[in-house]
Amino acid sequence: GVMNSRKKLTVRVFDSRFPKSSGIEFDEILYTGFPLKKEFPSKALPGVSSSNERVYDRQIRVFGREGQRQMEMLRIGIVGVGGMGSVLIEILARMGVRYFSLIDHDIADWTNLNRFTGMYENDVQKKRPKVRIAKRLVKKINPLAKVSNIETEVYSNRAVSALKQTDIIFLCTD
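Before going into details, it helps to say that this report is about the structure given with it. Nothing here was measured: the structure is a model prediction, and the numbers come from that model. (Residues numbered from 1 in each chain as written. Predicted model: local features only at pLDDT ≥ 70, side-chain atom pairs only at ≥ 80, totals over all residues. Heavy atoms only, no water.)

1. A look at the sheet that holds strand β7 (residues 99-103)
Line of reasoning, step 1. On the basis of which strands lie adjacent, the open sheet formed by four strands has the order β8-β7-β6-β9 and parallel pairing. Among the strands making up the open sheet, the edge pair consists of β8 (146-150) and β9 (168-171). If you compare each strand with its neighbour and ignore which way they point, the axes differ by 15 degrees on average.
Line of reasoning, step 2. Pairing geometry for strand β6 (residues 75-79) and β9, over four bridges, is parallel. Each bridged residue has a counterpart across the sheet, and for V79 the counterpart in β9 is L171. (Pairing = 2+ DSSP bridges. Helix = DSSP H or I, 4+ residues; strand = E, 2+ residues; numbered from the N terminus. Axes fitted to C-alpha atoms, helices over the stretch in contact; angles between N-to-C directions.)

The following block contains the structure:
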């Protein structure tokens, strides 16, 4: 039978090969039926806390715990953080990506307000750099994320150097 004791699932094995079994811990258990439910009662995978397992439950069901850990370790470079770039940044941050290099030389403009996720009139009035607005968006979603703002053209030495250190580069320019 399965027992839930102090958030650890164990099973008593009634088999002659396992005399006096004290139980075997499971890393995960899947409850069948509706709704399908998965629990991770024992050790969390390094880098994926049990609270993150709740947040990323749907992804873990598809990619597994190791897949989620890999997602969290990706180093992403995004060139152009305006309309398309800001939407991509939000999605990746919500998926658990923790490392971003954001490259854009532009500042907030009135024409950006209708398509830049996380931009407000105040940003336009203060002529805030787009990468700073994008960093704010990431940090609101995941305060532990590491975001490198590069307020230059993509062909600058600083931008090229940062992009060389990423796993994936997204080009989101006009």
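2. Describing the layout of surface pockets
Line of reasoning, step 1. Estimated volume of the second largest pocket: approximately 240 Å³.
Line of reasoning, step 2. The wall of the second largest pocket is formed by 19 residues, among which G80, D104, H105, T173 and D174 lie closest to the centre.
Line of reasoning, step 3. Looking at the lining of the second largest pocket residue by residue, the class counts come to six nonpolar, seven polar and six charged. (1 Å grid on protein atoms, 1.4 Å probe; cavity = no way out; pocket = protein on both sides within 12 Å on 5 of 7 lines; lining within 4 Å. Points joined across faces, edges and corners; volume = space filled by probe spheres on them. Nonpolar A, V, L, I, M, F, W, Y, C, P; charged D, E, K, R; others polar.)

3. Observations regarding the packing of aromatic side chains
Line of reasoning, step 1. Evaluated as defined, the whole model comprises zero aromatic pairs.
Line of reasoning, step 2. Sitting over the face of the ring of Y99, R75 holds its NZ or CZ atom 4.4 Å from the ring centroid. (Phe/Tyr/Trp six-rings, centres within 6.5 Å; stacked < 30°, edge-to-face > 60°. Lys NZ or Arg CZ within 6 Å of the ring centre and 35° of its normal.)

4. Considering the side chain of D104
Line of reasoning, step 1. Topologically, D104 is positioned in the loop between β7 and α4 (121-125).
Line of reasoning, step 2. It is K130 that comes nearest to the buried, bridge-free D104 among opposite-charge side chains, at 4.7 Å.
Line of reasoning, step 3. Side-chain polar atoms of D104 contact the backbone nitrogen of V81, separated by 3.0 Å.
Line of reasoning, step 4. Among residues more than four places away in sequence, those in contact with D104 are G80, V81, G82, K130, V131, I150, E151 and T152. (Buried < 20%, exposed > 50% of the residue type's maximum accessible area, 1.4 Å probe, protein only. Lys, Arg positive; Asp, Glu negative; His and termini not counted. Salt bridge = Lys/Arg side-chain N within 4 Å of Asp/Glu carboxyl O. Polar contact = N/O pair within 3.5 Å; in protein donor to acceptor, adjacent residues only side chain to side chain. Contact = heavy atoms within 4.5 Å.)

5. Describing unusual backbone geometry
Line of reasoning, step 1. One non-glycine residue, K127, lies in positive phi territory at about 50 degrees.
Line of reasoning, step 2. When you line up the elements, K127 lands in the loop between α4 and α5 (130-141).

6. Considerations on the pairing of β7
Line of reasoning, step 1. When you tally the buried positions in β7, you get five out of five residues, the bulk of the element.
Line of reasoning, step 2. Handedness of the β-α-β unit built from β6, helix α3 (residues 83-95) and β7 comes out right-handed.
Line of reasoning, step 3. Where β7 lies against β8, five bridges are found, and the strand directions are parallel. Along β8, the bridge assignment pairs S101 with S148. (Right-handed = clockwise from strand over helix to strand, strands pointing away.)

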